[in-house]
Each structure stands twice: as C-alpha cells, then as structure tokens.
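Fold and contact review
Residues per chain, in single letters:
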Amino acid sequence: MMIICVNPRKLLIAAVSAAAALVPFGSVHAEMSAWAQNEGGRMRLVALPADPGGKIRAALQIEPKPGWITYWREPGNSGIPPQLTLAPESGVTLDAMAYPVPKHFFKNGIEDIAYDAPVTLPLALSAAGKGPVAIDATAFIGICKDICIPFQANLSLKLGPAIQSQPEEEAILQAAEASLPKPPSVDFDVRAHAMSPDMKTLSLTLALPGEGIDAPDIIVTGPSGHAFTKQIGGKRDGASFKVDIAIGKLPENYNISGKRWGVLVVDGKKAMETTLAFE
C-alpha cells in the first residue's frame, strides 16, 4: 500500500520548487533536442516527422545519474510524476504519454514507484495543419537521491520531412515501445476483481504466463495520486493467482461505482497492464 505521510523530501520539493530553474534551449534542426541537465541527471526529446495525418511518434528520454531515481506516473505522496506541456502556438498537442515498467524502492518507511536507470517515455503527438513542424515543450520531472530536485526544462526541435530516414531516432522509439507493459492476453489477464463493501480490500484473480512459485508484483492505481501495492494472503496455483490488495485512504465520500482503475502486473520478465471497471 502506498504510504500516505508527510515526507521530508516532499517538504523540500515545496520549498525549492518556486526557485527551480527553467532551463532554456533553442530550437535545433534535428529530430532530437539538446540535452537539458541538472545535478541529478539529464533529459531530452526525440521525435520522428509527422505522418500524413499529422501524427508524431516521439519520446521523452530521462537519464538519472547513478544513485538517483525519477518517478512513474503514480508516485503517491513521495514524488513528482513526469509532466510535458506543449506550447499552444506550436500547433502540436500531446495525445498520450506511456510508461515502461517501474520498480519499487523502500527507504525509511517510504515506498517509491520509480526508475533508477535511463528510461524513455513514448509520446503520441498531433500536429495541426501542413508544412514544417516545430515542437516547443516544457518538461517537468522529479529527480531524487537523498533530496528531491524539481527539474524543469524547455525542449525544442524542428522536424524534417517524412521522406528522410532517421534510423537513430527510430531505434530509440522502438526500444521504448518494446519496454512497455503488454495488454491482457489469454494467458495473462485479470480473470475477476471485486471491491469489499468497506472498500478496504480489492480481490483479484489473475491468469499468469508462467508457473513459478513467487507472487507477481502488482500495482493498483485508483483515483489520481493513489497507488496500492500491499498484498494480503496471495495464493499461487500454477498459472493462477488469487490475492487481496489492501486499499488505503481514498478521497472523502469517494464513490467507486462507474469508476475505472488501473492495474499493472509483473510476473518474472513479463508485464501486463489493464483497467478494472467497477459497476
């Protein structure tokens, strides 16, 4: 279960966020922006030219320095999820941001869901109109070691014509997309789910792709800012696994009826992500 408490790193973030520098980088005529750097690491944008429909495959590359971490999309109260804002005047919009499989880190009673190695977040962008495309974005992430440093930077690039080949950019994007959790399949899925009447536990029945003896790693994401990972009484029977997930504090007067939560399941080297619909 994600621990909800006053986090000294959170307090530090609040204290220094107003002073976080906006790192400017001029536009470059390439499909990769210049690297923006700070004490804990660096980041940049990578993109391919827009297709005839204006769709752009892109990614935000983040490289923490050794010993540092950066956060997944639901870090709980202890971190900052990645954010990307596109300048309205650029005519480019962000349709979706995807996230490779994260890790769990436990320190001083705090659980982080994060990355401690270079990670590339695939982006789906759309460009309005015809002609050359210039991407002007502001990226904002948290990057942490003993303290957390808000890392904000302007990342800009101009895209060339689609007829040009970009093998390096294509390789980066393909590797990023391959690192994403897979959708559910016949042998890896949530077969059943049910919330207890008091909304304290979520029961899951999973089909798993292997027949190991270890429990899979499970991250349940509920309302924005809430992630739950504590397993209770898990039982694995070959490729089947039944478990309860402890549900921590939810927003006051929260009504789960009609809501859709997320669940990420990692079993060995395989990962699956899907949604849980509540009647």
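What comes next is a walk through the structure. Worth saying up front: this structure is predicted, and the values here are computed from it rather than measured.

Procedures and definitions
Residues numbered from 1 in each chain as written. Predicted model: local features only at pLDDT ≥ 70, side-chain atom pairs only at ≥ 80, totals over all residues. Heavy atoms only, no water. Pairing = 2+ DSSP bridges. Helix = DSSP H or I, 4+ residues; strand = E, 2+ residues; numbered from the N terminus. Phe/Tyr/Trp six-rings, centres within 6.5 Å; stacked < 30°, edge-to-face > 60°. Buried < 20%, exposed > 50% of the residue type's maximum accessible area, 1.4 Å probe, protein only. Lys NZ or Arg CZ within 6 Å of the ring centre and 35° of its normal.

Once that is clear, we can look at the sheet that holds strand E16 (residues 227-228). Pairing between the strands of a sheet comes from backbone hydrogen bonds, and it takes one of two forms, parallel or antiparallel. The sheet built from four strands is open, its strands ordered E16-E15-E19-E20 with antiparallel pairing. Looking at which strands have only one partner, the edges of the open sheet turn out to be E16 and strand E20 (270-277). One ladder, built from two bridges, connects strand E15 (residues 217-221) with E16; its direction is antiparallel. Counterpart to Val 220 in the pairing with E16 is Phe 228.

Our next topic: the pairing of strand E18 (residues 240-246). As defined by bridge partners, strand E14 (residues 201-207) adjoins E18 across seven bridges and the pair is classed as antiparallel. Bridging across to E18, Leu 202 finds its partner in Ile 245. Pairing analysis gives five bridges linking strand E17 (residues 231-237) to E18, with the strands arranged antiparallel. Note on E18: the bridge partner recorded for Gln 231 is Ile 245. The antiparallel hairpin formed by E17 and E18 contains two residues in its connecting segment, where Gly 238 sits at a positive phi of about 65°.

To continue, consider the packing of aromatic side chains. Inspection of the entire model under this criterion finds three aromatic pairs. Arranged with centres 5.9 Å apart and planes meeting at 25°, the rings of Phe 228 and Trp 261 form a pair that is stacked. On the criterion of sequence distance, the pair formed by Phe 228 in strand E16 and Trp 261 in strand E19 (residues 260-267) is long-range, its members being 33 residues apart. Here Phe 228 and Trp 261 have matching classes, each one buried. Their ring planes at 70° and their centres at 5.5 Å tell us that Trp 261 and Phe 278 sit as a pair that is edge-to-face. Of this pair, Trp 261 sits in strand E19 while Phe 278 sits in the segment after E20; the two residues are 17 residues apart in sequence, bridging distant segments of the chain. The class of Trp 261 is buried, set by a relative accessible area of 2%. Using a relative accessible area of 8% as the deciding quantity, one classes Phe 278 as buried. Chaining the aromatic ring pairs together yields one cluster made of Phe 228, Tyr 254, Trp 261 and Phe 278. Above the ring of Tyr 254, the side-chain terminus of Lys 259 is found at 5.2 Å from the ring centroid.

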